[in-house]
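# Report on the structure
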Amino acid sequence: KAGVTQTPRYLIKTRGQQVTLSCSPISGHRSVSWYQQTPGQGLQFLFEYFSETQRNKGNFPGRFSGRQFSNSRSEMNVSTLELGDSALYLCASSPDGDRLSSYEQYFGPGTRLTVT
Amino acid sequence: DQQVKQNSPSLSVQEGRISILNCDYTNSMFDYFLWYKKYPAEGPTFLISISSIKDKNEDGRFTVFLNKSAKHLSLHIVPSQPGDSAVYFCAASASGGYQKVTFGTGTKLQVIP
């Protein structure tokens, strides 16, 4: 199976702009989670989507939003970008969420966002 | 509040020796724990997991130990190889519902040839 793909891989934006990142999960995976990785902060959970519904949400401001389509592909959007939003954004997919193995997530390579 | 903590940001080990990476957690509801490995410019990859009903799980050179009373888990790599050089993330979740996975801040392991 093809792995998780994320586009674009790199992005440079200016403060105040908005950005949309895309994630295509592994075929058959219905859960998609998004994480922000910054130095010293590890992977901070943004949100999780399952069957087009947001199932879990992390502690990020409302400027961060996401959605999932019927084919399980997901997008996340960040509006009114701030310098502190510069980070690696990782998408992960996992199988159906009713087994412990569903916690074993498969990550994409990430999108490196730089806000200037 | 960091519920999953990896207090050592980095670790250097000689090739062939044992690498021990540590992780502490504070949430007593966590009952499933995972380790991921991350190379630069790649996403994390799942390495090994352990359920709270066990205190040890082995997979080849990798063994995870869980001490529930101390809320502590560790990953042992024996023998360590240069290809093991990466950032290792500890993660935890609570079962019984669709709970999110909480990650630690990572430990960068360098295996010296």
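As shown above, the structure is provided for reference.
Anyway, here's the lowdown on the structure attached to this text. (Residues numbered from 1 in each chain as written. Chains lettered and ligands numbered in written order. Predicted model: local features only at pLDDT ≥ 70, side-chain atom pairs only at ≥ 80, totals over all residues. Heavy atoms only, no water.)

Where nonpolar side chains cluster on the molecular surface, the patch consists of B:Ile18, B:Ile20 and B:Val78 and spans about 230 Å² of accessible area. Counting through the fold element by element, B:Val78 comes out in the loop between β8 (72-77) and β9 (86-93). (Patch = residues over 30% accessible without salt bridge, like charges linked within 9 Å, V, L, I, M, F, W, Y side chains within 5 Å. Areas by Shrake-Rupley, 256 points an atom, 1.4 Å probe, with all protein chains shown as cover. Salt bridge = Lys/Arg side-chain N within 4 Å of Asp/Glu carboxyl O. Helix = DSSP H or I, 4+ residues; strand = E, 2+ residues; numbered from the N terminus.)

Here the focus is the side chain of A:Ser22. Residue and element names in this part refer to chain A. For Ser22, the position within the fold is in strand β3 (residues 19-24). Side chain to side chain, Ser22 and Arg73 meet in a polar contact 2.9 Å long. Here Ser22 is in contact with Thr5, Gln6, Thr7, Trp34, Arg73, Ser74 and Glu75, once residues within four sequence places are set aside. (Polar contact = N/O pair within 3.5 Å; in protein donor to acceptor, adjacent residues only side chain to side chain. Contact = heavy atoms within 4.5 Å.)

On to the sheet that holds strand β1 (residues 4-5) of chain B, then. Residue and element names in this part refer to chain B. Spatial ordering of the open sheet is given by β1-β3-β8-β7-β6, a layout of five strands whose pairing is antiparallel. The sheet is open, and its two edges are formed by β1 and β6 (56-59), each paired on a single side. Sheet topology places β1 next to strand β3 (residues 19-25); two bridges connect them, and they run antiparallel. Opposite Lys5, over in β3, you have Asp24 as the bridge partner. (Pairing = 2+ DSSP bridges.)

Residues and elements named next belong to chain A. In this structure the tally under the stated criterion is seven salt bridges over all chains. A salt bridge links Arg63 to Asp85; its shortest N-O distance comes to 2.8 Å. Taken together, the positions of Arg63 in the loop between β6 (53-57) and β7 (64-68) and Asp85 in the loop between β8 (74-78) and β9 (87-94) put the pair 22 residues apart, joining distant regions of the chain. The buried category is assigned to Asp85, whose relative accessible area is 4%. A salt bridge links Glu75 to Arg67; the shortest N-O distance between them is 3.2 Å. The partly exposed category is assigned to Arg67, whose relative accessible area is 46%. Residues joined by salt bridges that share partners form a network here, namely Arg63, Glu82 and Asp85. (Buried < 20%, exposed > 50% of the residue type's maximum accessible area, 1.4 Å probe, protein only.)

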